[in-house]
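# Remarks on the overall topology
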Amino acid sequence: MAVDELQAIIQRCQILEEGDFKGEDFSLFQVAGQKCLEDGYAAQLLEVIQNEKNKVIIKNMGWNLISPLVRCIFMYKQEDDKREHCLKILDQLAQLCNPKELFLGLLEQIEQASGEQACQTVMLLLQPLQTVLLKLQNKKAYSLGLSLAMIMNQLTPLPVPYTKQQIQEDKLGLCQCCNAVVDFTKPFVNEVIKNMEKSSEYNDMELKEELLKFCMKCLKYPLLTAQLEQLEGIEEHPFRHFATEIIDILWDIRELIPLVFLHHKSISPHWKNQEFADIERKNSADSLACLSYLMFVQHFGIDCFPMVFSPSYLLQCNMTHIEVLLKRTEESMLSKGLDLFESCLLRMEDNSLLHQYLELRDFINVPQDLVQVMTLCPIEHLRKKSLHILQLFIDKFDTEGKYTLFRCLLKTSNHAGVEGYIIKNIKDQIHFSLMRACDNIWFTGHHLISLLDLVLLLPEGAETDLLQNSDRIMASLNLLRYLVIKDCESDNQTGVWTTLAKIEQNFLKPLHVGLNMSKAHYEAEIKNKKENRREAHSSNTVCSVTVSGEKMPAMTTEMQLQVLHSALFTFDLIESVLARVEELIEVKIKAVMDENS
């Protein structure tokens, strides 16, 4: 019987001195103890462990029971008495075993846990692990760091619940586990707080640094990925609670404000291997971006925040984080970047952001990233939001800032829709300039002429793909029509009349040629399709067509004809606006000539 075998080994070891235990004794104890657990004699094993006479034996050998004990705990059902006995054994081992040996045994179990059992194993072993760590005097900080790193390594591969249903189900137990891990750190946080209170020059930084590393890892995972908005029907959102706890730890160890503002502060080890250094830098950037989102969008820890900084300075501090988030493709991270950008912009008055900010790299890169989201992101609501935020960003700049930003985006966006949108903004700024009594040098005169050189031209002359560039061309024609109507040749505030010959040469004439070529091409294509349809005696023939340089999905001849007619309609629309612009120019010139004659 397993219990008899265990008792025999115990009796033999009781007469030995602690230093006389041999490797064979350890092995026999482990095998007998494991058999007791597997055969259902957990209660008897608990009695052996609780027996004061066996204290020395358990201190030295008890840690060998951790592996079979964990297996048995997961094997028994929640309400089973045997499971309860196993949990008591685990608690006793944490109290009685050699801390160093038990520490390694517990870490080994956490390391071996994976998949669905990862969270359950971590939550099971957190309490004994905490007990053991608090007993360690030497290398406590190192051991805590090792424990937290191991735990986070096991949790990080798990998918983060994102929808309301996923959070409520918490299928793998990640929500519960994350909050349990924070509770696990609290005695160590309190130790750091007490040490800092004792001395303003707190020198023992190791424990503090391990806690800081843990918080940084938590900011990247799971918080960077998690849905952190308040969800109806969830009284206490687990990830919002977790975020609050992480912010509290950072505040308690006096690292919250330095992290928010001193992003250049090195919190990573100095790797000799450049690849490791780059990974560490990226992880740190992700974590700091998440921290800014938590503070400035979700307002975690905002009560600790000094309200002495200007909105423009806060925007400047956050632009690096916004850039990090906007370069990601995951919805959870992109949306956090957009929310952070919007939050910073909404704090500012329109026209209050000085143009000098555009000399900073981030202020040029971020709107370009925003354009990428607008044009390439497959998620519609994020595309719409990014357009809204681009307009907010434009509105916040002073006049010279708007001018500089427009030039930059016209040169870098490489997207006709975005260019058309910017040209519409230019038209609005010209309108404000003409309506105001005071002079605006940036959207009138030679500055405007320089900007019009970028607007009123076809990128590839008459060879430009007019269909692909139709948004830009229509916006340019509407701008030119507005200028001709609003600015009299005698006033020439905008300078458009001075540069009219250049506009005709670079824009209007090539556009005429391009329209004639494009219409002829599409009319010929329509004619061919109709002839092919008659020959096939069926309108259901499936074939492909290339429009604007891109091959269209397979479609029937009727569908192709609809696409081709739609292109012709676009060309007719451009042609009608072009004709109207030329008519207005002619009328204005004739009127001036009549006045002078």
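- Under the annotation held in an unreviewed UniProt entry, the chain carries the name GLMN protein and is attributed to Haliaeetus albicilla.

## What to know about the pattern of salt bridges
- Enumeration over the complete set of coordinates arrives at 24 salt bridges.
- Lys385 serves as the salt-bridge partner of Glu342, at 3.3 Å between the closest nitrogen and oxygen. Of this pair, Glu342 sits in helix α17 (residues 331-346) while Lys385 sits in helix α19 (residues 380-396), and the two are 43 residues apart along the sequence.
- Residue Glu342 is classed as buried on the basis of its relative accessible area of 18%.
- Across the pair Glu583 and Arg580 runs a salt bridge whose closest N-O atoms are separated by 3.4 Å. Remark: Arg580 and Glu583 occur in helix α25 (residues 557-596); sequence separation between them is 3 residues, near one turn of the helix.
- It is possible to trace a salt-bridge network through shared partners that takes in Glu323, Lys327, Arg361, Asp362 and Asp369.

## Describing the confidence of the model for the chain
- With 89% of its residues at a pLDDT of at least 70, the chain reaches an overall mean of 87.
- Predicted confidence for residues 264-268 stays below pLDDT 50, and this span has 7 contacts to residues more than four positions away or in other chains.

## A closer look at the nonpolar core
- Core analysis: the biggest nonpolar cluster contains 187 residues, and Ile246, Leu294, Phe341, Leu477 and Leu511 have the highest contact counts within it.
- When residues in this core are grouped by element, the largest group, 12 residues, is from helix α11 (residues 174-198).
- Once you skip the residues sitting within four places of it in the chain, Ile246 turns out to touch Val182, Phe214, Cys215, Cys218, Leu219 and Leu223.

## Things to note about a nonpolar patch on the surface
- Together, Val308, Phe309 and Tyr313 give the surface a local cluster of nonpolar side chains, amounting to about 270 Å² of exposed area.
- Within the fold, Phe309 resides in the loop between α15 (274-296) and α16 (311-326).

## A look at the packing of helix α5 (residues 66-75) against helix α6 (residues 81-96)
- Orientation of α5 relative to α6, taken along the N-to-C sense of each, is 150°, at an axis distance of 9 Å. Judged on the interaxial angle alone, α6 and α5 are roughly antiparallel. As α5 runs across α6, the sense of the crossing is left-handed. Where α5 abuts α6, its residues Ile66, Leu69, Cys72 and Ile73 lie against Arg83, Cys86, Leu87, Ile89, Leu90 and Leu93.
- Within the contact of α5 with α6, the residues separate by chemical class into 9 nonpolar, no polar and 1 charged.

## A word on the packing of aromatic side chains
- Scanning all chains against the criterion turns up 12 aromatic pairs.
- On the numbers, 5.1 Å between centres and 50° between planes, the contact of Tyr403 with Trp442 is tilted. Residue Tyr403 is located in helix α20 (residues 399-412), and its partner Trp442 is located in the loop between α21 (416-435) and α22 (445-455); the two are separated by 39 residues in the primary sequence. Across this residue pair, the class does not change: Tyr403 and Trp442 are buried.
- Judged by centre distance (5.3 Å) and plane angle (65°), the ring pair of Tyr522 and Phe571 falls under edge-to-face. Taken together, the positions of Tyr522 in helix α24 (residues 500-536) and Phe571 in helix α25 put the pair 49 residues apart, joining distant regions of the chain. Accessibility assignment for this pair places Tyr522 and Phe571 in one class, buried.
- Clustering of aromatic rings is evident, with ring pairs tying together Phe341, Tyr357, Phe363, Phe393 and Phe397.
- Residue placement shows Lys139 over the ring face of Tyr142; its charged tip is 5.9 Å from the ring centre.
- The ring of Tyr293 carries Lys336 above its face, with NZ or CZ at 5.5 Å from the centroid.

Definitions and cut-offs
- Residues numbered from 1 in each chain as written.
- Predicted model: local features only at pLDDT ≥ 70, side-chain atom pairs only at ≥ 80, totals over all residues.
- Heavy atoms only, no water.
- Salt bridge = Lys/Arg side-chain N within 4 Å of Asp/Glu carboxyl O.
- Helix = DSSP H or I, 4+ residues; strand = E, 2+ residues; numbered from the N terminus.
- Buried < 20%, exposed > 50% of the residue type's maximum accessible area, 1.4 Å probe, protein only.
- pLDDT = per-residue confidence, 0-100.
- Contact = heavy atoms within 4.5 Å.
- Core = buried A, V, L, I, M, F, W, Y, C linked by side-chain atoms within 4.5 Å.
- Patch = residues over 30% accessible without salt bridge, like charges linked within 9 Å, V, L, I, M, F, W, Y side chains within 5 Å.
- Areas by Shrake-Rupley, 256 points an atom, 1.4 Å probe, with all protein chains shown as cover.
- Axes fitted to C-alpha atoms, helices over the stretch in contact; angles between N-to-C directions.
- Parallel < 35°, antiparallel > 145°, perpendicular 65-115°, else oblique.
- Left-handed = near helix turned anticlockwise from the far one by under 90°.
- Nonpolar A, V, L, I, M, F, W, Y, C, P; charged D, E, K, R; others polar.
- Phe/Tyr/Trp six-rings, centres within 6.5 Å; stacked < 30°, edge-to-face > 60°.
- Lys NZ or Arg CZ within 6 Å of the ring centre and 35° of its normal.

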